[in-house]
Amino acid sequence: MEAASATQFEVETSQKALGYNLPQRMGIRLWLPMFAMGLMGLIAGVVLGIIRADEISSAGAADTIASLGHVQAGLTFLGLAGALAAISFAIARILGQFRAGGGELQEATGRMVGTLKMPFSAKLFLGTMMMAMMVIVIACVLHFVFAADVSSTEESLALSQERFTVLEGIRRIGVAMFLVAIALGLATIIQVVRYQSIRIRELPGEQAPADRTNRGPDRR
Amino acid sequence: MAERAWAPMLAMGPMLVAVGLVLSLIQSGESDPETFIDLAGWTQGLQFLGLAMTLGGISFLLGTILAALRKGGGEVQESLGVSVMTLKMPASAKAFVALMMMGVMIAIVQFVLYLVAIGREDPASWFAWLAPVRVLGVGLILSGIVLALYTIGTVLALQFDRLKTVVTTGR
């Protein structure tokens, strides 16, 4: 079987390691705030669920119960969106470690640095993740808007239930899109690992560039 | 433990979700209101227990990846004849394990509570607060997965750094 070669990948060659790109820098900064937002949203959802359950068991006002249902769903799914976004940002951070660490390792060996250009799966991962986030945020905002719009009339309660059902479908589409984005991120990791294992195998047999002293700052 | 447990969890999860699907189909054809609510409790409890098991399997897989990175990194250093440096278990890894276990426990508890609820006079109020509780369980497992991925990133950074040191200093 023919050994794989780095030439089958689209690569950017440089003297020095390229470091993190913009999405990876964002991933490094934003995973923790998203993680915190996720936990807060989920806990707020539980608290509101307990309050709503208390209203139901004490035969509270129907419009209050319907409003609380909307707000609870909105907060819970904002929490879920935060957790899923944190997973996506953590994946971007891992890809950043591969890019920066792999480049620095090649630079340390004195060879030319080959950095994988952003694969199509990574672009799709970013696009799908942003769309998923927008879908869930829009659904949650609509939940809050509709929560304020409920009155105690039968028509209003029926409309509220109908809106809830539609928004539930939209929220779940958002979650499914997030899971697709995460799968694309993991597929990108696989491509990066494949490229790096090939590149590391090629390094010992490669010649160092003829003249490195005139390019870039002195690294000693 | 992670290396052994991921496969059974990943197998059990979808099976429970499938059983929940079958029950929901039976529920959709049910005309008796009490049986309808009983089946609703079983369906929701089983499906979220199945989802939690699947996510738990993914968490164990991530633990297996961390174990492979630890073992592989040590073997590479040993084969190069340099002193082996291994990262002590970071706080993020401990938090990952804790969150994952809490999430799976909440999933099991919510399933049991659904069965308790369907035996009561007013299951609707129980269902009202069990819904966000089960999502909290799933959310905690997802949060654990976030920390596992963060730990993988940290381990990779250390390993690249160690390899660079070995290449430049030979130690």
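Residues numbered from 1 in each chain as written. Chains lettered and ligands numbered in written order. Predicted model: local features only at pLDDT ≥ 70, side-chain atom pairs only at ≥ 80, totals over all residues. Heavy atoms only, no water.

### Here's the deal with the overall build of chain B
Point 1. Each helix and strand counted, chain B has 4 helices and 0 strands in total.
Point 2. Helices and strands in chain B line up, N terminus first, as α-α-α-α.
Point 3. Here the C-alpha radius of gyration of chain B, 22 Å, is well above what a compact globule of 171 residues would show, namely 16 Å.
Point 4. Within the span of chain B, comprising 171 residues, buried residues form 46% of the whole.
Point 5. Put simply, 78% of the contacts in chain B that link residues at least 6 apart link residues at least 24 apart.
Point 6. Within the structure as shown, chain B displays about 8500 Å² of accessible surface, and the carbon and sulfur contribution to it stands at 70%.
Point 7. Across chain B, the 10 positively charged side chains and the 10 negatively charged ones have centroids separated by 25 Å. (Helix = DSSP H or I, 4+ residues; strand = E, 2+ residues; numbered from the N terminus. Rg over C-alpha atoms; globule rule 2.2 N^0.38 Å. Buried < 20%, exposed > 50% of the residue type's maximum accessible area, 1.4 Å probe, protein only. Contact = heavy atoms within 4.5 Å. Areas by Shrake-Rupley, 256 points an atom, 1.4 Å probe, with all protein chains shown as cover. Lys, Arg positive; Asp, Glu negative; His and termini not counted. Charge placed at Lys NZ, Arg CZ, Asp CG, Glu CD.)

### Comments concerning unusual backbone geometry
Residue and element names in this part refer to chain A.
Point 1. Located in the positive-phi region is Ala59, a residue other than glycine, with phi close to 50°.
Point 2. Along the chain, Ala59 falls in the loop between α1 (22-57) and α2 (62-108).
Point 3. Under the relative-accessibility criterion, Ala59 is labelled exposed at 68%.

### As for the interface of chain B and chain A
Point 1. The interface of chain B with chain A comprises 29 residues on the first partner and 33 residues on the second.
Point 2. Roughly 2700 Å² is buried in total at the junction of chain B and chain A, and carbon and sulfur atoms are behind 84% of that figure.
Point 3. For chain B, the biggest contributors to the area lost against chain A are Val146, Leu149 and Phe160 of chain B; these three give 22% of the whole.
Point 4. At the junction of chain B with chain A, the criterion picks out 1 salt bridge.
Point 5. Here Lys164 of chain B ties to Glu104 of chain A by a salt bridge, and the two come within 2.9 Å at their closest N and O atoms.
Point 6. Connecting chain B to chain A are 3 residue pairs in polar contact (both at pLDDT 80 or more). (Buried area = accessible area lost by both parts, 1.4 Å probe. Salt bridge = Lys/Arg side-chain N within 4 Å of Asp/Glu carboxyl O. Polar contact = N/O pair within 3.5 Å; in protein donor to acceptor, adjacent residues only side chain to side chain.)

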